[in-house]
Amino acid sequence: MRSSGLSGWAWVKTDLRRRRLWAVSLCRVVVALTLVVSGFLKAVDPVGMRAKVDAYLTAWGLGLGVDSLLLRSGVLVLAVLEFMMGVQLLLGMRRRLTITLLVAFQTVMTALTTYLFFTDTVEDCGCFGTALTLTDGQTLLKNVVLLAMIFFISRHGRYVIRLVSERRQWLASLTSLCYVVALTLMAYHTLPAIDFGPYAVGTDLRQAYTAPDADTPALLTTLCLEDENGNDLTDSLLASKGKTCLLTLPRPQKADDGSVDRINDIADIAADSAFGFYAVVPQQTVDAEVSDWKDRSGGNYPTLKADPAQIDAMVRSNPGLVLIEDGKVCGKWSFNNLPATGGEHFGASQNTAAGRPHEALPKLVMWYIIPLLVVLLLDRLLIGKKFYQHYILRQHLKTKTMRKKIVAGNWKMNKTLQEGVALAEELNNVLAADKPNCDVVICTPFIHLAPVAGIINAEVIGLGAENCADKVSGAYTGEVSAAMVKSTGAQYVILGHSERRAYYGETAEILKEKVNLALENGLKVIFCIGEVLEERESGKQNDVVKAQLEGSLFDLSAEQMSNIILAYEPVWAIGTGKTATAEQAEEMHAFIRGVMADKFGAEVAENLSILYGGSCKPSNAKEIFAKPNVDGGLIGGAALKVADFKGIIDAWK
Ligand code: PEP
């Protein structure tokens with residue numbers, strides 16, 4: 001059915017995309033899960049896998065021997081590679097790298113299995129470790145299908161949707177890597193976490209041997225344990241009541257002798273408790289090898305011989321221990337993890353070997369799934385937090401659009417009367433022709449105020465002084481009061497500029513007086529605050545700015561605050577050409593707004609315009625003004641040229 005609102009080609013394209021997405025997702029899940037499962041199964045039983053890989057190598061005349069370090073590491077690498085590629089694909093992480101690796105890996109594997117199919121070199125490919133045996137034909141088919149799917153995925157790689165954010169994908173990868181490496185190393189150190197073999201704990205050997213059914217593995221039905229004289233003891237051992245302990249030595253000459261004391265203790269317990277204890281070695285073992293083991297271990301127990309494949313299948317350890325009770329396997333141990341011998345007997349309750357797949361698998365999967373889910377959940381939560389932060393930012397931008405945007409010029413001690421009037425006139429004309437998108441104010445020396453007020457359009461350009469006295473009136477030679485400023489037609493006054501603080505000793509107390517008088521006389525105050533370089537370098541900027549606000553403005557009422565505009569001017573950026581970065585400006589403006597919100601409430605803070613000042617130019621104004629807490633600029637040098645000042649005003653457009 002056609003989706004609403006789409007017709008013709010657009011619909012076809014959308015529908016095609018949707019189908020492709022489904023097809024890629026399906027292939028991705030199949031390939032990824034196959035890889036995860038095959039990597040996992042290899043990691044669960046690396047000793048068994050080692051034997052399979054060695055069988056390949058031996059068939060090509062490259063056999064390394066199952067105990068070789070190279071082979072051990074090779075199996076670990078193979079398990080990790082498959083598992084990790086599967087996880088990366090499943091979660092859509094490092095897409096390009098993963099797909100490239102997959103194509104290469106699967107091409108090699110398919111070529112290899114094609115060769116095996118035609119040459120019949122080995123019986124089992126070992127794709128799924130020791131858990132599942134496929135014929136060469138089945139393996140080839142599986143690999144061809146996987147290769148086709150991987151090519152399809154690689155052709156439509158963009159449909160592989162990421163399920164974990166790029167920022168935290170390393171955490172998901174690390175969790176997976178730790179899991180698969182730990183699984184392999186633990187299996188090497190002790191026994192496989194899951195026993196896929198025919199001698200798993202709980203197996204009734206007596207039943208399998210005496211009354212096998214069609215599903216009984218051949219390795220059980222053909223079990224043959226012969227004594228040194230070639231007598232087959234299998235029947236009597238499996239039929240005997242009570243316990244029998246088998247010390248398996250798949251390669252006696254390579255058997256680890258680090259735990260021989262514990263083994264001998266167990267053999268002593270067996271002798272004391274009158275149950276059988278036998279070493280089991282491969283049929284082809286020569287007497288010298290057996291004697292060598294007995295010399296090395298000091299053990300004195302009878303030896304049985306069996307098919308090497310059966311010994312390998314009993315315990316993945318050299319030496320290993322199998323406890324049989326009433327014909328049933330009731331315990332297995334690696335030499336690294338032998339049972340305690342303190343008690344009178346040792347038994348199934350002390351068994352540390354894994355159970356059969358249905359018992360061990362759920363636990364093992366949980367050990368991976370739970371940490372991974374925690375990582376994915378954390379990722380989702382943090383993404384959610386980011387969305388929330390964006391939402392807050394959007395809200396800020398909304399309130400910002402409600403706040404007044406202002407560009408104010410501070411002419412300082414520049415321009416003669418004639419030059420100043422000409423500058424104001426030119427600006428007035430330029431802004432009349434191209435209306436600004438913000439409030440524009442020019443703050444001039446006292447002598448310019450009245451004439452400039454007479455020529456500018458007050459609807460477009462506001463006028464302000466650069467200072468006013470801290471006294472009402474009287475014998476203060478050279479001073480100009482707030483009332484006098486107001487009488488010129490000006491509406492604004494800059495107070496607290498760093499140059500006045502530094503060169504004329506204006507303290508927070510003096511400024512507080514000036515602010516009060518300015519407000520009483522109906523002037524709006526552009527109040528400047530900012531830290532010097534040393535203060536920023538020692539990280540004190542916030543304290544400095546907060547103290548400036550507290551010292552001069554904190555006695556005002558919320559209503560008076562509506563006539564205050566703040567200008568954050570880092571002193572190290574004024575007239576130096578060194579601008580604060582947009583981020584530095586935003587950080588400080590947000591801090592200032594927070595301070596004001598704490599003191600006067602959120603409404604006052606949200607309505608307060610905070611300007612940035614310090615080497616602001618047309619080239620950087622736009623970036624700085626774009627920050628959510630920056631509401632415009634107080635401009636020094638660039639206010640003296642109409643083109644520059646206009647360039648900054650246009651940053652709001
Ligand atoms: C100023 O003095 O207020 C100022 C911001 O100066 P400038 O733009 O020249 O750095």
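Residues numbered from 1 in each chain as written. Predicted model: local features only at pLDDT ≥ 70, side-chain atom pairs only at ≥ 80, totals over all residues. Heavy atoms only, no water.

(A) Geometry of the sheet that holds strand β5 (residues 328-334). Taking strand neighbours across the sheet as the criterion, the five strands line up as β3-β2-β1-β4-β5 in an open arrangement whose pairing is mixed. Looking along the sheet, the strands with just one partner apiece sit at the ends: β3 (303-306) and β5. Averaged over neighbouring strand pairs, the angle between their axes works out to 30° when direction is ignored. Inspection of the sheet shows strand β2 (residues 276-282) paired to β3 by four bridges, in the parallel sense. By the bridge assignment for β3, A279 is matched with T303. (Pairing = 2+ DSSP bridges. Helix = DSSP H or I, 4+ residues; strand = E, 2+ residues; numbered from the N terminus. Axes fitted to C-alpha atoms, helices over the stretch in contact; angles between N-to-C directions.)

(B) Inspection of the site of the ligand at higher detail. With respect to spatial proximity, 14 residues lie near the ligand, and among them K412, H497, E569, G575 and S615 are the closest. Taking G575, its main chain carries an N or O atom lying 2.7 Å from an oxygen atom of the ligand. Between S615 and the ligand, the recorded distance is 2.7 Å, taken from a backbone N or O atom to an oxygen atom. Summarising the interface, the protein chains cover 95% of the accessible area of the ligand, which totals 290 Å² for the free molecule. Residues that form the shell around the ligand fall into these classes: four nonpolar, eight polar and two charged. (Near = heavy atom within 4 Å. Polar contact = N/O pair within 3.5 Å; in protein donor to acceptor, adjacent residues only side chain to side chain. Areas by Shrake-Rupley, 256 points an atom, 1.4 Å probe, with all protein chains shown as cover. Nonpolar A, V, L, I, M, F, W, Y, C, P; charged D, E, K, R; others polar.)

(C) Local environment of the nonpolar core. If you look at the biggest cluster of nonpolar residues, it comprises 70 residues, and the most contacted ones within it are F527, L549, I564, L566, I592, M596 and F625. Considering each element in turn, this core owes the most residues, seven residues, to helix α22 (residues 582-600). One finds V80, F128, L183 and Y368 within the second-largest nonpolar core, a separate group that totals 31 residues. (Core = buried A, V, L, I, M, F, W, Y, C linked by side-chain atoms within 4.5 Å. Buried < 20%, exposed > 50% of the residue type's maximum accessible area, 1.4 Å probe, protein only.)

(D) Spotlight on the domain arrangement of the protein. Its domain assignment divides the protein into domain 1 (16-189), domain 2 (205-353) and domain 3 (404-652). Inter-centroid distance (C-alpha atoms) of domain 1 to domain 3 is 66 Å. (Domains from an automatic or database assignment.)

(E) Representation of the pattern of salt bridges in the model. Applying the stated criterion across every chain yields a total of 27 salt bridges. Across the salt bridge formed by K646 and D434, the nearest N and O atoms sit 2.7 Å from each other. Of this pair, K646 sits in helix α25 (residues 642-649) while D434 sits in the loop between α14 (417-433) and β7 (439-444), and the two are 212 residues apart along the sequence. Note on D434: relative accessible area 31%, which makes it partly exposed. Two residues, R593 and D631, come together in a salt bridge whose shortest N-O distance is 2.9 Å. Here R593, found in helix α22, pairs with D631, found in the loop between α24 (618-625) and β13 (632-635); they are 38 residues apart in sequence, far enough to count as distant. The two residues R593 and D631 agree in class, both being buried. Here the salt bridges share partners, and the residues they tie into one network are R403, R593, E606 and D631. (Salt bridge = Lys/Arg side-chain N within 4 Å of Asp/Glu carboxyl O.)

(F) Just the sheet that holds strand β6 (residues 406-410), in detail. Read around the closed barrel, eight strands run β6-β7-β8-β9-β10-β11-β12-β13, paired in parallel fashion. Between one strand axis and the next, the sheet turns through 25° on average, direction left out of account. Of the strand pairs in this sheet, β6 and β13 are connected by four bridges, and their pairing is parallel. Across the sheet, I406 pairs through a bridge with G632, a residue of β13. Its contacts with the sheet put helix α20 (residues 541-553) on β10 (524-529) and β11 (564-568), and the angle it makes with β10 is roughly 145°. Helix-sheet contacts for α25 involve β6, β7 and β13, and the interaxial angle to β6 is about 155°. (Contact = heavy atoms within 4.5 Å.)

(G) How the structure looks around unusual backbone geometry. Cis geometry marks the peptide bond from N318 to P319, where omega comes out at 5°. Here P319 is to be found in the loop between α12 (308-314) and β4 (320-325). One non-glycine residue, R94, lies in positive phi territory at about 40°. Residue placement: R94 occurs in the loop between α3 (69-91) and α4 (95-119). Backbone geometry places K415, a non-glycine residue, at a positive phi of 75°. For K415, the position within the fold is in the loop between β6 and α14. With relative accessibility at 32%, the residue K415 sits in the partly exposed group.

(H) Inspection of the packing of aromatic side chains at higher detail. Taken as a whole and judged by the stated rule, the model has ten aromatic pairs. Ring geometry for F554 and F600: centres 5.9 Å apart, planes at 85°, overall edge-to-face. Of this pair, F554 sits in the loop between α20 and α21 (558-561) while F600 sits in helix α22, and the two are 46 residues apart along the sequence. Judged by its relative accessible area of 16%, F554 falls in the buried class. Connected via pairs of aromatic rings, a cluster forms that spans Y56, W60 and Y115. The ring of Y188 carries the charged tip of R72 above its face, separated from the ring centre by 5.3 Å. (Phe/Tyr/Trp six-rings, centres within 6.5 Å; stacked < 30°, edge-to-face > 60°. Lys NZ or Arg CZ within 6 Å of the ring centre and 35° of its normal.)

(I) A look at the packing of helix α18 (residues 508-520) against α20. Look at α18 against α20: their axes get within 7 Å of each other, and the N-to-C directions meet at 50°. One element, α18, and the other, α20, form an angle in the oblique class. α18 and α20 meet at a crossing whose hand is right-handed. From α18, A508, L511, K512 and V515 reach across to α20, where they touch G551, S552 and L553. A breakdown of the residues in the contact of α18 with α20 according to their chemical character gives four nonpolar, two polar and one charged. (Parallel < 35°, antiparallel > 145°, perpendicular 65-115°, else oblique. Left-handed = near helix turned anticlockwise from the far one by under 90°.)

(J) Seen up close, the side chain of S552. Within the secondary structure layout, S552 lies in helix α20. Reaching out from S552, the side chain makes a polar contact with the backbone oxygen of A508 at a distance of 3.0 Å. Excluding residues that lie within four positions of it along the chain, S552 makes contacts with A508, L511, K512 and F527.

(K) A look at the environment of V44. One can find V44 in helix α1 (residues 8-44). Among the residues examined, V44 registers a relative accessible area of 0% and is labelled buried. Separated by 222 residues in sequence, V44 and I266 place their C-alpha atoms 28 Å apart. Every residue in contact with V44, bar those within four places of it in the chain, is listed here: L183, A187, P192, A193, I194, F196 and L364.

(L) Structural detail: the pairing of strand β9 (residues 492-495). The two faces of β9 match: Y492 and I494 on one face and V493 and L495 on the other face are all buried. Where the polypeptide runs from strand β8 (residues 461-465) across helix α16 (residues 482-487) and back to β9, its parallel neighbour, the crossover connection is right-handed. In this sheet, β10 lies alongside β9 in parallel orientation, the contact comprising four bridges. Each residue of the ladder has a partner; that of I494, found in β10, is I526. (Right-handed = clockwise from strand over helix to strand, strands pointing away.)

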